[in-house]
Amino acid sequence: MEKKEKVITLIDAFKDFKEEKNIDRPVMMQVLKDVFLTQIAKTYGSSDNFDVIVNVDKGTCEIYQNFDVVEEVENPNAEITLDGIREDGGDADDYEIGDQYAKILPLAAFGRRGILNIRQNLQGRIMDIEKANVFKKYSEKVGELFYGEVYQTWSKEVLILDEDGNELHIPKNEQIPGERFKKSDSVRAVIKSVEMKNNTTPYITLSRVSNEFLERLFEQEVPEISDGLVEIVGVAREPGYRSKISVVSHSDGVDPVGACVGPRGSRVRMVVSELRGEKIDIIPFDEEPARFVAKALSPARVREVLVDDDGKQATVIVPD
């Protein structure tokens, strides 16, 4: 009965970490084991004669101190006599000199300072794991659309929180010129980058001015793009003013421009609305550079296009 109570005390003392943190139980239990072994080494000088037994299924952790049974104790941290076993509540008749005796180590054995160190080390390890998890999660989502709610606004950036309370940022230079946000506004943006700065929480940058944001919006609004029937070949953008996208069809009978415009302009209108009225020109891609340039300048009338293949430039002649 005594052994069971000590185990419960050991786990209950740290259950707030185990239950409240978004960390897999096996990972959490391994961290707990490592932290205890570290503190054991500090308290006793070595962790060689200690076993930390973790039961992942039950979520329990037991610490045993192993002793060599000897006639005379020279190292009290690793040796014990038969009389010492009796004093510890063990049955000395079950042991003889040369055997090993293991007793469970209560949390109180570490002392108040040791317990505080364990909690602090555990907190630090958990924070490191959480940072790594967030970094991995969002690094794998770079280039994807993010939906969130504005939590706070400042002059230089907008702060968004995800469902787990992680912070994402839209710096001023990644916002469409002239747009304003207020708390609780719903916002869409593309995940641009994830950085670790001075081992702090990962800094996740969102963008509403990148070409990728425009591409993701069209992919969302135009089924032919998400299905691979129509491809966005290139994007040129002046955020808040005008964008041009070139598209090509990979299926006979599918008009790439018409698919992006949508019935009565419904699809492109949804994208324009999200971009705060930014004008969008949709251009059919042409492998002939001169024709492609002429189409890209529509509705301007083009008399002639002189292409410099080496310099990758074009001189365009238009009416006065």
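The structure displayed is predicted, hence computed values, not measured ones. (Residues numbered from 1 in each chain as written. Predicted model: local features only at pLDDT ≥ 70, side-chain atom pairs only at ≥ 80, totals over all residues. Heavy atoms only, no water.)

Trainee: Is there a simple way to explain the packing of helix α6 (residues 211-221) against helix α9 (residues 266-274) in this structure?
Mentor: With their axes 10 Å apart at the nearest point, α6 and α9 run at an angle of 140° to one another. The two elements α6 and α9 cross, and the hand of that crossing is right-handed. Across the interface between the two elements, F213, L214, L217, F218 and E221 of α6 pack against R267, V268, M270, V271 and E274 of α9. Split by residue class, the contact of α6 with α9 holds seven nonpolar, no polar and three charged. (Axes fitted to C-alpha atoms, helices over the stretch in contact; angles between N-to-C directions. Helix = DSSP H or I, 4+ residues; strand = E, 2+ residues; numbered from the N terminus. Left-handed = near helix turned anticlockwise from the far one by under 90°. Contact = heavy atoms within 4.5 Å. Nonpolar A, V, L, I, M, F, W, Y, C, P; charged D, E, K, R; others polar.)

Trainee: I keep staring at the side chain of S243 and nothing clicks. Help me out?
Mentor: Residue placement: S243 occurs in strand β11 (residues 242-249). Taking the relative accessible area as the measure of exposure, S243 reaches 1% and is therefore buried. At a separation of 2.3 Å, a polar atom in the side chain of S243 contacts the side chain of E278. Not counting residues within four places of it along the chain, the set of residues in contact with S243 comprises L214, A236, R237, E238, E278, K279, I280 and D281. (Buried < 20%, exposed > 50% of the residue type's maximum accessible area, 1.4 Å probe, protein only. Polar contact = N/O pair within 3.5 Å; in protein donor to acceptor, adjacent residues only side chain to side chain.)

Trainee: How should I be thinking about the pattern of salt bridges in this particular structure?
Mentor: A side chain with one charge may pair with a side chain of the opposite charge, provided their charged atoms come close. Counting across every chain of the model gives 20 salt bridges. In this structure, K137 and E163 form a salt bridge, with 3.7 Å as the shortest nitrogen-oxygen distance. Remark: E163 occurs in the loop between β6 (157-161) and β7 (167-171) and K137 occurs in helix α5 (residues 111-139); sequence separation between them is 26 residues. For K137, a relative accessible area of 23% corresponds to the partly exposed category. For E163, a relative accessible area of 65% corresponds to the exposed category. Close ionic contact of R276 with E179 constitutes a salt bridge, the shortest N to O distance being 3.6 Å. On the criterion of sequence distance, the pair formed by R276 in the loop between α9 and β12 (279-284) and E179 in the loop between β7 and β8 (186-195) is long-range, its members being 97 residues apart. Among the residues examined, R276 registers a relative accessible area of 45% and is labelled partly exposed. (Salt bridge = Lys/Arg side-chain N within 4 Å of Asp/Glu carboxyl O.)

Trainee: Before we go on, may I ask you to explain α5 in this structure?
Mentor: Residue pairs three or four apart in sequence face the same way in an α-helix, which turns once every 3.6 residues. In this model, α5 (29 residues) spans 42 Å end to end at C-alpha, consistent with the 42 Å of a helix rising 1.5 Å per residue. By the burial criterion, the buried members of α5 are G114, I118, L122, I126, I129, K131, V134 and Y138. (Expected span 1.5 Å × (residues − 1).)

Trainee: Explain the sheet that holds β12 to me, please; I cannot follow it from the model alone.
Mentor: One key point about sheets: their strands pair by backbone hydrogen bonds, in either a parallel or an antiparallel sense. In spatial order, the strands read β10-β11-β12; together these three strands make up an open sheet with mixed pairing. Looking at strand neighbours, the two that pair on one side only are β10 (230-238) and β12, the edges of this open sheet. Averaged over neighbouring strand pairs, the angle between their axes works out to 20° when direction is ignored. Strand direction decides the pairing type here: β10 and β11, joined by eight bridges, are antiparallel. (Pairing = 2+ DSSP bridges.)

Trainee: What exactly am I supposed to notice about the sheet that holds strand β9 (residues 203-207) here?
Mentor: Ordered by their spatial adjacency, five strands build a closed barrel running β5-β6-β7-β9-β8, and the pairing between neighbours is mixed. Across the sheet, the mean angle separating the axes of adjacent strands is 55° when strand polarity is ignored. As defined by bridge partners, β7 adjoins β9 across two bridges and the pair is classed as parallel. Counterpart to L168 in the pairing with β9 is I204. Running at roughly 130° to β8, α6 makes contact with β5 (145-153), β8 and β9 of the sheet.

Trainee: Could you clarify how one ought to interpret the environment of E274 in this entry?
Mentor: By the element assignment, E274 lies in helix α9. Here E274 falls in the buried class, since its relative accessible area comes to 15%. Separated by 57 residues in the primary sequence, E274 and L217 have C-alpha atoms spaced 8.5 Å apart. Leave out the neighbours within four places in its chain, and E274 touches I176, R188, R208, F213 and L217. A polar contact of 3.0 Å, which involves the side chain of E274, links it to the side chain of R188.

Trainee: Please clarify how the nonpolar core should be interpreted in this entry.
Mentor: For soluble globular proteins, the rule of thumb is that nonpolar side chains tend to be buried together. With 22 residues, the main nonpolar core has L214, F218, L275, I280 and I282 as its most contacted residues. At the level of secondary structure, the elements contributing two or more residues to this core comprise α6, β10, β11, α8 (256-261), α9 and β12. Ranked by residue count, the leading element in this core is α6, at four residues. Once residues within four sequence positions are removed from consideration, L275 is found in contact with I176, F213, L214, L217, R237 and I280. Residues I23, M28, F50 and V52 belong to the second largest nonpolar core, which totals 20 residues. (Core = buried A, V, L, I, M, F, W, Y, C linked by side-chain atoms within 4.5 Å.)

Trainee: Can you walk me through the packing of aromatic side chains in this structure?
Mentor: Aromatic ring pairs are described here by two measures, namely the spacing of the ring centres and the angle between the planes. Tallied over the entire structure, the rule returns four aromatic pairs. Aromatic pair Y95 and Y101: ring centres 5.3 Å apart, planes at 85°, arrangement edge-to-face. Under the relative-accessibility criterion, Y95 is labelled partly exposed at 26%. The aromatic ring of Y138 is capped on one face by K141, whose charged end is 6.0 Å from the ring centroid. One residue, K183, lies across the ring of Y151, its end atom 4.2 Å from the ring centre. (Phe/Tyr/Trp six-rings, centres within 6.5 Å; stacked < 30°, edge-to-face > 60°. Lys NZ or Arg CZ within 6 Å of the ring centre and 35° of its normal.)

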